[in-house]
Amino acid sequence: MDATISELLELFLQSPLVTWVKTFGPLGNGNEEKLSMYMDLVDGVYLNKIMLQVDPRPTNQRVNEHVNNDTNLRIQNLTILVRNIKTYYQEVLQQLIIMSLPNVLIVGKDPLSGKSMEEIKKMLLLVLGCAVQCERKEEFIERIKQLDIETQAAIVSHIQEVTHNQENVFDLQWLELPDMAPEELEALSRNMVFHLKRLIDERDECTEKNVSSPTNSSACVNTTRRSNPTSGYNLPEVDSMADQLSHFTESIPMPPCSTEDPVQQTVHTAPTSDSTAIATALTPIDQEIQLTNLYKILREEKSEQLVDTRHEMDELVVELQKIKQENNNLMADARSARAYRDELDSLREKANRVERLEMELVRCKEKLHDVDFYKARMEKHDT
């Protein structure tokens, strides 16, 4: 491990938030090895157990107990943790998390980095805010009081970040107050405008990332390549544009219908402005027709892809059934093998007993021969 990462890891594990977390139980299964302690936090199992003590309400989300350095399982555990934290703040504490939520992808993919440690600190900070405001807050605060004075002061500062700083966590109970002083209302309005601007900036930044992402670009191109190589619209955009054009063309005054020949109609139409209006009206209609045709083509392609996907799913189901059947057969063979092995062990034991009995029989025959010899001598001696 890099020396810089080792130093960051040591500083992180000595931070007040980690010291507070250790009051819930040892990290790393009681092992003092720093990497093991840190990975216990990163994998999300330990923090989810703490969150379960804070919010014991049942959930349908199952935490993966054995991550084994699996990136997907780690991301899944951390996602469950962040979702539970966000839900607890909104539903129980009536508070809205304004600060940016911890990025579970950074932690999941590259846990041993400075950015990941910063994201873990965010998680610990939010869990601390839940703990000191839950129903068992007296118990958790009493644990904090057992720490040294310097650590207590640092933890109190962290608590104020999530309880008194409206830029991090916004108290929704303010909205239920019937009367509010103009000064407070003005400050609240400025704060909300600031957060709204930041959210818009983040939205625009995410949009730019999505647009510049080669994966999204290639997916968009592949969706419409067969229907129109120069088109960059996906299906929802086509629906929206078609609706907008439909409303637009409905608002355009159409010229009266005529049964005359088009040439005569053009002759009888004296003003040039009327011809321009007709051409202007026809242009959106043509665009609407083109987009409608594109929409139909995309719908057909979507239906074909859906049929292909269902066919592949049916094949996978059949293959899964075969695998299950093979698994059952293998399990039956394994049981039979265990039975045969037990029977073989029994036969081996019997064979060993037979061999011992045969050896004992030989010894008995030898003794019987000696008895006959001594008996003959005795008879000879008596005579």
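Because the structure is predicted, anything quoted here is derived from the model rather than measured.

Can you help me understand the packing of aromatic side chains in this one?
For any two aromatic rings, the description comes down to two numbers: the centre-to-centre distance and the angle of the planes. Tallying each qualifying case throughout the model produces 4 aromatic pairs. For the ring pair Phe12 and Tyr38, a centre distance of 5.5 Å and an interplane angle of 90 degrees mean the geometry is edge-to-face. Residue Phe12 is located in helix α1 (residues 3-13), and its partner Tyr38 is located in helix α3 (residues 34-42); the two are separated by 26 residues in the primary sequence. Residue Phe12 shares its accessibility class with Tyr38, and that shared class is buried. Here Trp20 and Phe24 contribute two aromatic rings whose centre-to-centre distance is 5.3 Å and whose plane-to-plane angle is 85 degrees, an arrangement assigned as edge-to-face. Phe24 sits in the buried class, given a relative accessible area of 14%. A cation over an aromatic ring shows up here: Arg143 above the ring of Phe24, its NZ or CZ 4.9 Å from the ring centre.

Would you mind going over the confidence of the model for the protein chain with me for this structure?
On average, residues of the protein chain score 76 in pLDDT, and 73% of them reach the 70 mark or higher. Element-level pLDDT for the protein chain is lowest in helix α13 (residues 262-268), with a mean of 37, against a maximum mean of 91 in helix α7 (residues 114-131). Scored below 50 in pLDDT, residues 214-242 shows 30 contacts in the model against residues more than four places distant or in partner chains. With pLDDT under 50 throughout, residues 244-279 is counted as low confidence; its partners more than four residues away or in other chains account for 19 contacts.

I would appreciate a short explanation of the packing of helix α5 (residues 71-92) against α7 in the present structure.
Packed helices, taken two at a time, are described by their axes: the angle between them and the distance between them. Running from N to C, α5 and α7 point in directions that differ by 40 degrees, and their axes come no closer than 10 Å. Crossing handedness for the pair α5 and α7: left-handed. Facing Leu78, Leu81, Val82, Ile85, Tyr88 and Tyr89 of α5, the residues of α7 in contact are Met123, Leu125, Leu126, Val127, Gly129 and Cys130. For the contact of α5 with α7, the class distribution of residues is 11 nonpolar, 1 polar and no charged.

I would appreciate a short explanation of the side chain of Gln95 in the present structure.
Position of Gln95 among the secondary structure elements: in strand β1 (residues 95-97). The class for Gln95 is buried, based on a relative accessible area of 9%. A polar contact is formed between the side chain of Gln95 and the side chain of Gln133, at a distance of 2.9 Å. For Gln95, the contacting residues outside a window of four places in its chain are Tyr89, Gln90, Gln133, Val162, Val169, Phe170, Asp171 and Leu172.

Can you walk me through the nonpolar core in this structure?
Among soluble globular proteins, nonpolar side chains are generally buried collectively. Counting residues in hydrophobic clusters, the biggest one holds 50 residues, and the most contacted among them are Phe12, Trp20, Ile85 and Tyr89. Here this core takes 10 residues from α7, the largest share from any one element. If we ignore the near neighbours within four places in the chain, the residues touching Phe12 are Val18, Tyr38, Leu41, Met117, Ile120, Lys121 and Leu124.

Got a minute to help me understand the packing of helix α4 (residues 45-54) against α5 in this structure?
The geometry of α4 relative to α5 is characterised by a closest axis approach of 9 Å and an angle of 25 degrees between their N-to-C directions. Between α4 and α5, the angle is such that the two are roughly parallel. Crossing geometry of α4 relative to α5 is assigned as left-handed. The segment α4 lies against α5, with Val45, Leu47, Asn48, Met51 and Val54 engaging Asn77, Ile80, Leu81, Asn84, Ile85 and Tyr88.

Rules and cut-offs
Residues numbered from 1 in each chain as written. Predicted model: local features only at pLDDT ≥ 70, side-chain atom pairs only at ≥ 80, totals over all residues. Heavy atoms only, no water. Phe/Tyr/Trp six-rings, centres within 6.5 Å; stacked < 30°, edge-to-face > 60°. Helix = DSSP H or I, 4+ residues; strand = E, 2+ residues; numbered from the N terminus. Buried < 20%, exposed > 50% of the residue type's maximum accessible area, 1.4 Å probe, protein only. Lys NZ or Arg CZ within 6 Å of the ring centre and 35° of its normal. pLDDT = per-residue confidence, 0-100. Contact = heavy atoms within 4.5 Å. Axes fitted to C-alpha atoms, helices over the stretch in contact; angles between N-to-C directions. Left-handed = near helix turned anticlockwise from the far one by under 90°. Nonpolar A, V, L, I, M, F, W, Y, C, P; charged D, E, K, R; others polar. Polar contact = N/O pair within 3.5 Å; in protein donor to acceptor, adjacent residues only side chain to side chain. Core = buried A, V, L, I, M, F, W, Y, C linked by side-chain atoms within 4.5 Å. Parallel < 35°, antiparallel > 145°, perpendicular 65-115°, else oblique.

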